[in-house]
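The chain contents come next:
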Amino acid sequence: MKVTVVGGGIAGLAASWTLEGALRGAEVVLVEQGDGVGGVLLTEHEHGFLVEAAADSFLSRKPRGVGICEELGIQDELVGRRPENARSFVRLGRELHPLPEGLTGLVPTDLDALEESTLLSDEGKRRLAEEADLPPEPPGDDESLASFVRRRLGREAWERLVEPLTTGIYGGDGEQLSLRATFPQLRALEEEHGSVLRGLQAQPAAPSGAYPPFVSLRGGMHELADSVAGDLQSTTIDTGSRAVTLRAQDGGYALELESGAAVPADGVVLATPAYATAELVAALDGELAEALAEIPYAGSAVVTLAYRREEVEHPLDGYGYVVPRSEGGHVLACTWTSSKWEGRAPEDRVLLRVFAGRFDLSDDDLVRLAREEVSLLGIRAEPVLTWTHRWPRGLPQYTLGHPERLERIDAALERHPGLALAGAAYRGVGIPDCIASGEEAARAVARALVGAAR
Ligand SMILES: Cc1cc2nc3c(=O)[nH]c(=O)nc-3n(C[C@H](O)[C@H](O)[C@H](O)COP(=O)(O)OP(=O)(O)OC[C@H]3O[C@@H](n4cnc5c(N)ncnc54)[C@H](O)[C@@H]3O)c2cc1C
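Calculation notes
Residues numbered from 1 in each chain as written. Predicted model: local features only at pLDDT ≥ 70, side-chain atom pairs only at ≥ 80, totals over all residues. Helix = DSSP H or I, 4+ residues; strand = E, 2+ residues; numbered from the N terminus. Expected span 1.5 Å × (residues − 1). Bend = angle between axes of the 7 residues up to and from the residue. Buried ≥ 20, exposed ≤ 12 C-beta atoms within 10 Å, placed from the backbone. Pairing = 2+ DSSP bridges. Axes fitted to C-alpha atoms, helices over the stretch in contact; angles between N-to-C directions. Near = placed C-beta within 6 Å. Nonpolar A, V, L, I, M, F, W, Y, C, P; charged D, E, K, R; others polar. Domains from an automatic or database assignment.

Visitor: Can you help me understand helix α6 (residues 155-170) in this one?
Guide: Owing to its 3.6 residues per turn, the α-helix brings residues three or four apart onto one side. Helix length check: α6 (16 residues) gives 20 Å between terminal C-alpha atoms against 22 Å at 1.5 Å per residue, more than 12% under. At Val 162, α6 shows its maximal bend, which comes to roughly 40°, and the proline Pro 164 appears one to four places after that position. Judged by how many residues are buried, α6 sits mostly within the fold: 12 of 16 residues are covered. For α6, the full list of buried residues reads Ala 157, Trp 158, Glu 159, Arg 160, Leu 161, Val 162, Glu 163, Pro 164, Leu 165, Thr 166, Thr 167 and Tyr 170. Where α6 ends, the next residue or the one after it, Gly 171, has phi of about 70°, a positive value.

Visitor: Help me understand the sheet that holds strand β15 (residues 262-265), please; the structure alone is not making it clear to me.
Guide: In a beta sheet, neighbouring strands are held together by backbone hydrogen bonds and run either parallel or antiparallel to one another. With respect to topology, 3 strands assemble into an open sheet ordered β13-β14-β15, the strand pairing being antiparallel. Where the open sheet ends on each side, the last strands, each with one partner, are β13 (243-249) and β15. Here the average twist between neighbouring strands, direction ignored, is 20°. As defined by bridge partners, β13 adjoins strand β14 (residues 252-257) across 6 bridges and the pair is classed as antiparallel.

Visitor: What is the right way to read the site of the ligand from this model?
Guide: Around the ligand, a shell composed of 36 residues is seen, among which Gly 7, Gly 9, Gly 39, Gly 394 and Gly 423 lie nearest. Elements that contribute at least two residues to the shell around the ligand include exactly α1 (10-22), β17 (297-308), β21 (385-396) and α17 (431-453). Of the residues belonging to the shell around the ligand, the class tally is 20 nonpolar, 13 polar and 3 charged. Mapping the shell around the ligand onto the domain boundaries places at least three of its residues in each of domain 1 (2-40 + 221-296 + 397-453) and domain 3 (297-396).

Below is the structure:
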């Protein structure tokens, strides 16, 4: 049996890895257009710095991130954030306000701690606390994340707290994001407990797991991709190879490559971003392509700056800060990487990452924007090194209508046994979700092929 996986990001790698176990003896070919695997998981090592181009960690509470590491035997490579700097801030104007203690996910549930916070005004705190007594909306249609949070917790809690935190995950506009596709649990709390606050307060404290809540790998996030790729036994990894069209052929599929070659396969996993997948399946199924093409993407840029430690006035005693959209400007967040993680910079240097909502600026303009931003940390010196990484279509947006789009995609896939989709575009953008989606797609293809062979 032959199975082709398209896309060598973490979802496609996880799919290939699972296929090897689920379809023993099958020939797996992983087709990737780039020079190497990993997709968004890109780590650079230069002059003693470890620079992440995009993701710097993943959630350990979602099982398939640490799960795959354990199965690969690399769990000792997992590292947590530096505990001595465990706090983060929100920037309002040029002032940094600590995030309130006692956040459960996105919502402050410790109202005494919130009282101490300088982030919300007295009116904003009062409005948030009132949530416990607000009557719930009856079950109904989906709504935007912004409208839900404003409705329940008030405008200020949305603008200063929840919006910048969700931008850190989805990168896009909360006015457009579907609550049902992003945080359905918040709506479930309203429906089941009558209030998000009361619902969260009634939940038992999450047991502390075997790992810190956010983990990275000692060698950076690319180490995860490398480890999965290095553990593949019977998969042929075909890098520098762009897939252009998928067609039905002889009860299976043929994948046409830009080189002109056609790869026949009994089963296919497409682990490419939705806009690329839409193009690949256009000749196979117009309705499937249409639904995929409707999934929008948000772009961003990551600017990393290295400084001599003595040239930074601020103690950098935290992990960094987020910037609410309501502040205007193009900067979304600033991570104090060398305070967050061990081993990311030489002892006498600091490493900072500035996230910008603009990816269309020149390198010089991006660095200028980032330098203006970090001037509030008392940094006037020239950086000793800079790196810029652009992600024009980095993060899929689960906008209103996303759940219905997924239903249309699933219905269309029913017409194509042995074809499955994986990746960030569908049911979770975080790395553990992408791994789980690759694994699930592989199992779906294996089930279809084994069923057909019976
Ligand atoms: C700036 C940024 C920061 C992030 N930070 C975090 C974080 O801290 N924690 C976290 O959990 N998640 C984070 N994410 C999200 C997470 O990293 C991604 O959602 C995830 O890595 C996507 O994996 P994937 O395999 O679905 O897609 P990708 O990594 O995009 O892989 C898709 C692959 O398909 C290939 N491809 C596309 N078209 C073709 C074609 N026609 N033929 C052949 N190959 C093709 C691409 O070259 C690419 O390698 C971040 C994302 C971004 C952009």
